[in-house]
Structure formats: C-alpha cells, structure tokens
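Topology and contacts: notes
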Amino acid sequence: MDDASFKPSRRLFLASGLATGSALVVGFGFDAVAASEGATRLGDYVAIAPDGVVTIRAKNPEIGQGIKTMLPMLIAEEMDVAWEQVRIETAPADEKRFGAQFAGGSMSTPMNYEPMRRVGAATRAVLIEAAAVVLKKPAAELTIEAGVVHHKASRTKVPYGKLVAAAAILKLPDPASVTLKPDSAFTIIGKSKGGYDSPAIVEGKPIFGIDVAVPGMKYAVFVKPPVYGAKLKSANIDVIKALKGVTHVFTLQGSGDFHSLQDGVAIVADKWWYAKAARDQLEIVWDDAVGSPHDSATYAAKAKELAKTKGASVASNGDTDAALSKAAKKIEAWYEAPFLAHVPMEPQNCTAKVTADGVEIWAPTQAPAWGRPHVAKALGISEDKITIHMIRCGGGFGRRLENDYMVEAAAIAQKAGVPVKLVWTREDDVAYDYFRPGNYHRFEAAIEGGKITAYKARAVTFARDGKVAQGAGIGPHDFVPLISPNYVLEQHLIETLIPTGYLRAPSSNALGFVHECFLDEIAGALNKDPFTLRQEIVEAAIASPRPVKDGERGPSYEPKRLKAVLETLRTRSGWDAAKSGNGIGYGVATYFSHRGYFAEVAKVKVDDDGNWKVLKVWVVGDVGRTIINPTGAANQVEGSVMDGIGEMMSEITFDKGRAVQSNFQDIPMIRMSQAPHIDLHFELSDNGPTGLGEPALPPVIPAVCNAIFAATGVRVRKLPLLPETIAKAART
Amino acid sequence: MITLTVNGKAHRLDVPEDMPLLWALRDELELPGTKFGCGVAQCGACTVHIDGVATRACATPVGSLEAGAKITTIEAIGATAQGKALQAAWLEVDVMQCGYCQAGQIMSAAALLKTTPKPTDDDIDAAMEGNLCRCATYKRIREAIKSAAGVALTDTREA
C-alpha cells in the first residue's frame, strides 16, 4: 500500500457511499482521488458504528457460491469481532478500489484468502492503536475479545464502537506488514456460518436482480434473432406500439461484437407482462441464412471426418505413433459430449437508468467490469460515467460472465429515455445462451507387457473466427501426461457461428468424462481394477517425476495430493467390498481442476429399460488445509455433484444455427427424487485453501458412466445418457 | 376489474384476464418474492398457495381464479405454523445456495406439510418433484422439510 495515499478525512468516508449517519468508514487511507489513481487494491472494507455493529464489504459478486458470507468471515476473523456483530454489504463494482471483482474459475478463495485477512488484521492494528490512546495504556498490553479491547491489568476496556473516532485519524499499517493469526487461533474461519442473505430469502425479500425497482421505471423485453448474427429485415412495429401498456417500440442495431449488442426489437411497457404479451404479437422477419450450415448433424459428420487426420498437437511426450504401431494390443474409442445450456434459475435481467450525468446499472452479473467497456461503446459514453451495482444473482454457472443483457438494458434505457428493467424469458435465456460447446474425441491406447505404452487423444472442438472458441479448449492436462510415457493430445477445430462460453468447470466438465471413461476401458483391457490402475499411475508419477513438457501444467500439479485423496476414497467408499452386477454398479473417476483434487465413486442402479439412477456418490477432495466455511463448502460440493449428474440428462442441438430446445420441458434437469446420497470428506493437506465452485463436478460424470458399465456391461461413450441407448446396447 | 385476495387482503386490479397471477403479484401488487423461472409451469419458482394448494402462478391467469380464492405468497407464509417452521428449518440446515428457487420450494413444502404433517421420503419426492433447484440443494431441502416436520432426518431411500 502506498503510504502517501493515507488521507483519512471526513471526505473519505462520505465519498465511500458506505457510511451514512452513524456508521464510520475506517479509512484505508484511500479517498476517491487516490482510488481514481489506482493507489491500492485494499479499499475501504470496514465500517464500525458507535453501537459496535461492524459492516464489512464483500468485494465479489454473489451467485450462490456463498462468497458474500465467506469473504467477510476472513476480515472478521482477523479483526477479532464476534460474527453476530457483523453486517455485510456487497461492494460497489469498482476494480480500481477493490481489485478484481468476478465470480469465475473458483478463484475467489485463492485470490482473496490472504488479502482479506490482511484487511482485517490492519483494521485490528489501528483499533489497538486507538485503544492505547483512549485507555492511555501501552498497545502491547492490550487484548481483544469479540470487538472489545481490554487492558487486563487495570481491568479497563473499550469497545470498537467507542474507538472509531480515534482510529479514523490514525495511519493504518501497511497490510503487507501486519501479522496474521496462526490457524490454531481461528474462531470464525472453519466454523459454519449460514448464508448472510438467507433470512431475507426465506421471507421473499426483494434481493435479486429481477427484484430491482427504480422510480419511474418501465419494463422491457428485447427480441433478438434466434440465429446468432442474423439481420433484422422487418417487424410490425407500428402494430405493437398500439398494444395495451406499451410505451416504446424500437429497433437496436447489432455491433458485430458477440459479447455485446445484436440486432433486435425492444418493447418497453408499463409492466413486464404487457411487454411480453406485445412480444407475442410481434411479427418479425430475419435474414438468417447465415445459420444454414450450422446443424448438429453436420457438426457430428464433420468431426468424424476430421478425426481421421492428424490434428494440431497441443501436448505430447515420446513417440506415440511408434508405440501404437508396434503394440501387441490396441484399443480405440469414439466419445461425444453435447452442447449444453447454462439455464440459471433467474432469467437474465438488468435495470438501467441513463441521465445526462451518466449511466447507473443494477446487474446480476458475475463480471461487472467485463460489461463496462461494452456499455460505454454501445452508448457512446466514457467508462467512468458508468456506475454498476452488483446485485445478487439467481445462479451463474458461467452464463453471467457475459454481460449482453447489461448492454441491452443500458441501450434500451438510453433510447427510451426512461429507466428500464429488462427481463428475458426462459426461452430467450436458452436461445441466446453462450453454450458449453460440444466436443468429439477419438482415443487410441497401446498395451504392452501389462503396461500402457501409448495414449492418443484426438479432440474435435470448435473455433470462433479461427481461434479456439470460448470453453472449447482441451487443456489443462494434469493427469493425462501421467498415464503413459508416450502420449499425444491433438485438436481439430470446426468453425462455429453458435456463441459458446464457460459452463461451470469449463472444458473439464467434458474432458473429465471422456478421459476418465477411456481410462476405464484401458483398465478393462489390462484386466485391472480401475481404482488400482489410477493409484498405480499416481504412484509411478511420484516415484519418477518427469520434466514438465510444453502444454502441460507446471509444478503446481502434485500427484501426491491425488494419491492421498484416492487412498481415503478407497476406504470410505468400501470399494474393495463393493459388488457390481445385476443392475447395480460402482464406478470411480478422478479429476483435477480449479486447483482442487477430487476423486469420486458412484453407485448406480439400472433397470431393464435402461432407466438409471445414481444411488450414492462418495466424494473426497483436497482443497488445502482450511475449509473456511464448512456448511458452504459442503453445499458447493453437493451441488456440483448433482449438477454434474444433471448435465448427463440434457443437450442442446442446432437446426440451421438455431437451438432446438427452448425451456425446461425439453431440457431435463436433476430433480428431487434423482438426488443421490452423498458422502463427503475433505482431505486436509498443507496447502493454501482453494475454491469449491467447480472442482467436484468433473469426476462425477465419468464415475457414473463407469458405474453404468459395471452394472450393465454397456460402455457410455456419448451424452446425454438416454435410457433407450443403455437398454438397446444391453440387449446386443 | 379483477379482485384478488392475497395474504388476507383484497385488491382490485385493472388488468387483463390473461395476465398470469405471477405478474400481477410481482409488478401490480409489488410482491416480488414469488419468482419467475420458466413461464410454463416447469420449474416451480413461482409456487403460491391458492386455497392452500400449491399452484404455479406463472401458468394461472388471474381471470381463471374464482372470486374469493385465497392466495398466499412467500411474503405471508411465515404467518402459518408450517411456513414458520419451514423458514426456521431452511436457515438451520443452511439450505440456500443462490436462493432464487427457495421461495417456491418453501411454498411447495408448506402445502405438503399441511396435508401430510409427517412426510416420508416418497411423500417429499412426490410433492417436490415440480420444483427445480438449479444449484441442486435437494439434500438440504429434504432435511429441512423433515426438520420442520419433526421427523428423523435420515434419508431412508435406497443408497
């Protein structure tokens, strides 16, 4: 932190917008001027009221991952306040003051675990210093318990609420210099804290993006082409203008940037239902010829053709082709994973108000900063004129990393000249998704003398404008290089028009499925227990680590962490006593993603018609030495496991560039009766804590598929997993 | 004019008969606790009670409601014994992830407990199957329902 920027002042806390009336921002020496100069990422996170209530800002968007509760726990821990004293507010979207503010990549924990604790420790230090002045005792003789500073020898004490005035004029220590507590002294970290917003949620309080209300606000729908990039030819706008409740109807022109505006018709009305009812009368003609080559069947046929030829090598070691050509035994397989939609429960929405002074936006978004430049460009204003409020999101799953709805709301509000709440229908949410891209994989493996001597994976994924499309990468490859001394990962790309994006555990959510199922096939060819095979691979990697090659992840991947996870899982799941057959099957899979080492065993039941049910999943994961909020952590893992099972049930297909599915009647999701029992264990290791939004998801899909093989002898090489496919394969 | 009796209070609304109850609640009566999820009665986020029966408000035109139909929403469910117990159990079990579907979940659960005060796992499956939770908090929803009902929390389904 730049000491020169410490300017605690009245202006400081008034400028923060956090402190009103009785609350006081404990100045991190950092006023609006300093902030605009990018002085520091440790902004003003803490406010203390005279009554001792401590308001802590959560810097990142809340999408259901529990970050609004968890980040303030870190600050409160080091501040030595009682959790009951803490109130939480979401910070404004302002990366100059708060650093990166996004919900993605399970990064909030590793990026913020120590910095937020340092915010708390620096605050504690300045409060001690203030207490020394107030109590007239040496700081070294003071202790803090639950927000009260004690001088034990003189039996005097003063609560934080009485110290704020004295603290506000003191200089804060450099957060980098403060001493953090040892883990053994934690009283908040490691203790379950219920979701901070949960009491409001159970009473139906308006806390989601879709609940935002602004004085004078109108409601909007925005009708975009069902085929990305199609152009608006005509629409019966005059007819729509005359309909009940409708106040504005106009067209917006696309920008050509697929993160931003597309051609479309905006309908603004007094209430949302009138806009929606009017939209049902909208007759709109698109020039959508651009979509005609983009069919799912065409993609599949193209992928099969491409896979016959060598693709671009993404990572390799040794001479895989030579090993394959001389091998006594070879196995091959073809795997397919479909496009998927995100469908968070809350349909996309955003509220915007445009005045001469700028734009104010209330957005349920995972990445507000990524939307800001698009809004600026679309509205022709500078970025510093845009205020973004991060509103609680009804789910994210990666969809809200895009901010197309934010640009639309702002552009509609600007053109209509009134504040506008844009709400998409569920059908809009599906049609305009940035889909998890489908992918295809041709595998070959060679077996020689009871060893895997070659492993070849040729992926066909998708490209946009000649580059690997969002979510279509085939890395990282942390475990795969361990499988065989000779391996190669190749990639072909099919240019697609379909917008693609990041779905929870992007790439890994499909790569886990294909690699970990093919590994089971290898285990079969080796006549080896699939659990034992994985353990042997890890043991061999630990015994003789080889240098990291191009395209592989660096030394951050530690096979010994996976070894411990596998050992615990083998015991907990009772793998050695588990008996597959007669419609019951056990399967195992492992995957490393988002810094989390996870391995899972699934137990499934399959009937004669191929109906499958996951009865139980055993999960063991290593995300470091500390589980910060155990209830929240377990909730993320339980949800990831069930979400992964849900992903096995649905797909999005395309007909001339248009998504065929439209709503939950043709996008099955996991429901109550399908939710399995879950046995969860965190393997604590001596590493910094990492995130849990994603890493428990990838292994469950192959674990279930491998369990279905164990139950039925049917190898699942294509998703979604349809009962008729299993039943048919079982008969042949 | 349409008359709606919501949470014990009668409201006269000048809205078209085909307006779904969901949008009358959210935008006309400013009761936004009832959530929009799909618009086609597939997800349950909009679940309310009509004369005590769990009903999808998104697929219920206001004109289809009988005069005198008593509508209860999440904003008032805490005034009932089952609703209050469920809200407390939801917090005790820490059910929520994103929380968007949970108003609908609690409304479906409250309707279940009204007719079936001591539900079995099968009862819970049947009553809750229409309520999607995209975060998949089903394990905790099941536990919270049992906790509110005062029955053993153990999941008795095949494992």
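Residues numbered from 1 in each chain as written. Chains lettered and ligands numbered in written order. Predicted model: local features only at pLDDT ≥ 70, side-chain atom pairs only at ≥ 80, totals over all residues. Heavy atoms only, no water.

**Thoughts on the overall build of chain A**
Secondary structure assignment for chain A yields 21 helices and 28 strands. Here the C-alpha radius of gyration of chain A, 28 Å, is about what a compact globule of 732 residues would show, namely 27 Å. Taken along its principal axes, the extent of the C-alpha atoms in chain A is 85 × 75 × 45 Å. Sorting the 732 residues of chain A into buried and exposed places 62% on the buried side. (Helix = DSSP H or I, 4+ residues; strand = E, 2+ residues; numbered from the N terminus. Rg over C-alpha atoms; globule rule 2.2 N^0.38 Å. Buried < 20%, exposed > 50% of the residue type's maximum accessible area, 1.4 Å probe, protein only.)

**Description of the confidence of the model for chain A**
Per-residue confidence for chain A averages 92 on the pLDDT scale, and 94% of its residues sit at or above 70. Contacts of residues 1-43 of chain A to residues separated by more than four positions or lying in other chains number 99 contacts, the stretch itself having pLDDT below 50. (pLDDT = per-residue confidence, 0-100. Contact = heavy atoms within 4.5 Å.)

**Thoughts on empty space enclosed by the protein**
Residue and element names in this part refer to chain A. Summed over the entire model, instances satisfying the criterion amount to 9 cavities of 30 Å³ or more. Empty space within the largest cavity amounts to approximately 160 Å³. Along the wall of the largest cavity there are 20 residues; nearest its centre are Tyr228, Ala431, Tyr432, Asp433 and Pro499. The class makeup of the residues in the lining of the largest cavity is 13 nonpolar, 3 polar and 4 charged. Two domains each put at least three residues into the lining of the largest cavity: domain 2 (215-289 + 344-431) and domain 3 (300-339 + 435-731). In this structure, the second largest cavity encloses a volume near 140 Å³. Taken together, 14 residues make up the lining of the second largest cavity; nearest its centre are Pro476, Phe479, Val480, His515 and Tyr591. Counting residues per element, the ones that place at least two in the lining of the second largest cavity are α15 (480-483), α16 (508-526) and β23 (584-593). Considering only residue class, the lining of the second largest cavity consists of 9 nonpolar, 3 polar and 2 charged. (1 Å grid on protein atoms, 1.4 Å probe; cavity = no way out; pocket = protein on both sides within 12 Å on 5 of 7 lines; lining within 4 Å. Points joined across faces, edges and corners; volume = space filled by probe spheres on them. Nonpolar A, V, L, I, M, F, W, Y, C, P; charged D, E, K, R; others polar. Domains from an automatic or database assignment.)

**Some words on the domain arrangement of chain B**
All names here are of chain B. Taken domain by domain, chain B comprises domain 1 (2-76) and domain 2 (77-149). The C-alpha centroid of domain 2 is placed 20 Å from the C-alpha centroid of domain 1. Taken together, the contact between domain 1 and domain 2 spans 18 residues of the former and 17 residues of the latter. Both sides of the domain 1 and domain 2 interface together cover about 1,300 Å² of buried area, and 57% of this is carbon and sulfur. The largest per-residue losses of area from domain 1 upon contact with domain 2 belong to His49, Ile74 and Ala76, which jointly make up 36% of the total buried on that side. Counting every contact that joins domain 1 to domain 2 gives 0 salt bridges. Elements supplying a minimum of two residues to the side of domain 1 that touches domain 2: β3 (47-50), β4 (53-56) and α2 (74-77). Within the side of domain 1 that touches domain 2, the residues separate by chemical class into 7 nonpolar, 8 polar and 3 charged. (Buried area = accessible area lost by both parts, 1.4 Å probe. Salt bridge = Lys/Arg side-chain N within 4 Å of Asp/Glu carboxyl O.)

**Here's the deal with the packing of aromatic side chains**
Residues and elements named next belong to chain A. All chains considered together, the criterion is met by 27 aromatic pairs over all chains. Measuring from ring centre to ring centre gives 5.4 Å for Trp424 and Tyr432, while their planes differ by 90°; the resulting arrangement is edge-to-face. This pair shows no difference in class: Trp424 is buried, exactly as Tyr432 is. Here the aromatic residues Tyr299, Trp334, Phe339, Phe435, Tyr440, Phe462 and Phe654 are joined through ring pairs into a cluster of three or more. Sitting above the plane of the Tyr228 ring, Arg464 keeps its charged end 4.9 Å from the centroid. When the ring centre of Phe709 is taken as reference, the NZ or CZ atom of Arg715 above it lies at 3.7 Å. (Phe/Tyr/Trp six-rings, centres within 6.5 Å; stacked < 30°, edge-to-face > 60°. Lys NZ or Arg CZ within 6 Å of the ring centre and 35° of its normal.)

**A closer look at the pattern of salt bridges**
For the structure on display, the rule yields 54 salt bridges over all chains. A salt bridge links A:Lys271 to B:Glu28; its shortest N-O distance comes to 3.6 Å. Highlighted residues: A:Lys271 in the loop between β11 (264-269) and α9 (272-279) and B:Glu28 in helix α1 (residues 21-28), drawn from two different chains. Where A:Arg400 meets A:Glu346, a salt bridge forms, and the shortest distance between an N and an O atom there is 3.5 Å. Of this pair, A:Arg400 sits in the loop between β17 (386-390) and α13 (404-416) while A:Glu346 sits in the loop between β14 (329-337) and β15 (349-355), placing them 54 residues apart in sequence. Within the structure, one salt-bridge network assembled from shared partners comprises B:Asp121, B:Asp125, B:Arg142, B:Lys146, B:Asp155 and B:Arg157.

**What to know about the interface of chain A and chain B**
Facing 66 residues of chain A, the contacting portion of chain B comprises 56 residues. For the pair chain A and chain B, the two sides together bury roughly 5,100 Å², of which 58% comes from carbon and sulfur. Our count for the contact surface shared by chain A and chain B stands at 7 salt bridges. At the boundary of chain A and chain B, one finds 32 residue pairs in polar contact (both at pLDDT 80 or more). Contributing elements (two or more residues each) for the side of chain A that touches chain B: α7 (198-202), α9, β18 (420-423), α14 (426-431), β24 (596-606), β25 (612-622), α19 (630-647) and β28 (677-682) of chain A. When residues in the side of chain A that touches chain B are grouped by element, the largest group, 9 residues, is from α19(A). Partitioning the side of chain A that touches chain B into residue classes produces 31 nonpolar, 18 polar and 17 charged. (Polar contact = N/O pair within 3.5 Å; in protein donor to acceptor, adjacent residues only side chain to side chain.)

**Thoughts on the domain arrangement of chain A**
Residue and element names in this part refer to chain A. Structurally, chain A comprises domain 1 (12-202), domain 2 (215-289 + 344-431) and domain 3 (300-339 + 435-731). Using only C-alpha atoms to locate each centre, domain 2 and domain 3 end up separated by 37 Å. In this assembly, 15 residues from domain 2 lie in contact with 19 residues from domain 3. Summed over both sides, the interface between domain 2 and domain 3 buries roughly 1,400 Å², with carbon and sulfur atoms accounting for 62% of that surface. Inspection of the region where domain 2 meets domain 3 yields 1 salt bridge. Counting across the domain 2 and domain 3 interface gives 4 residue pairs in polar contact (both at pLDDT 80 or more).

**Looking at the sheet that holds strand β7 (residues 156-159) of chain A**
Note: strands within a sheet are paired through backbone hydrogen bonds, in either parallel or antiparallel orientation. Residue and element names in this part refer to chain A. The strand order across the open sheet formed by 3 strands is β5-β6-β7, and the pairing between neighbours is antiparallel. The two strands at the open ends of the sheet, each matched to only one other strand, are β5 (142-145) and β7. Taken over all neighbouring pairs, the strand axes of this sheet differ in orientation by 25° on average, direction set aside. As judged from the 4 bridges shared by β5 and strand β6 (residues 148-151), these two strands associate in the antiparallel manner. (Pairing = 2+ DSSP bridges. Axes fitted to C-alpha atoms, helices over the stretch in contact; angles between N-to-C directions.)

**What about the side chain of A:Arg400?**
The class for A:Arg400 is buried, based on a relative accessible area of 0%. Of note is the side chain of A:Arg400, whose polar atom sits 3.3 Å from the side chain of A:Gln348.

**Focus: the side chain of A:Gln470**
Relative to the assigned elements, A:Gln470 resides in the loop between β21 (467-468) and α15. Among all residues touching A:Gln470, those that are not within four sequence positions of it are A:Phe258, A:His259, A:Glu402, A:Tyr434, A:Pro437, A:Thr500, A:Gly501 and A:Tyr502.

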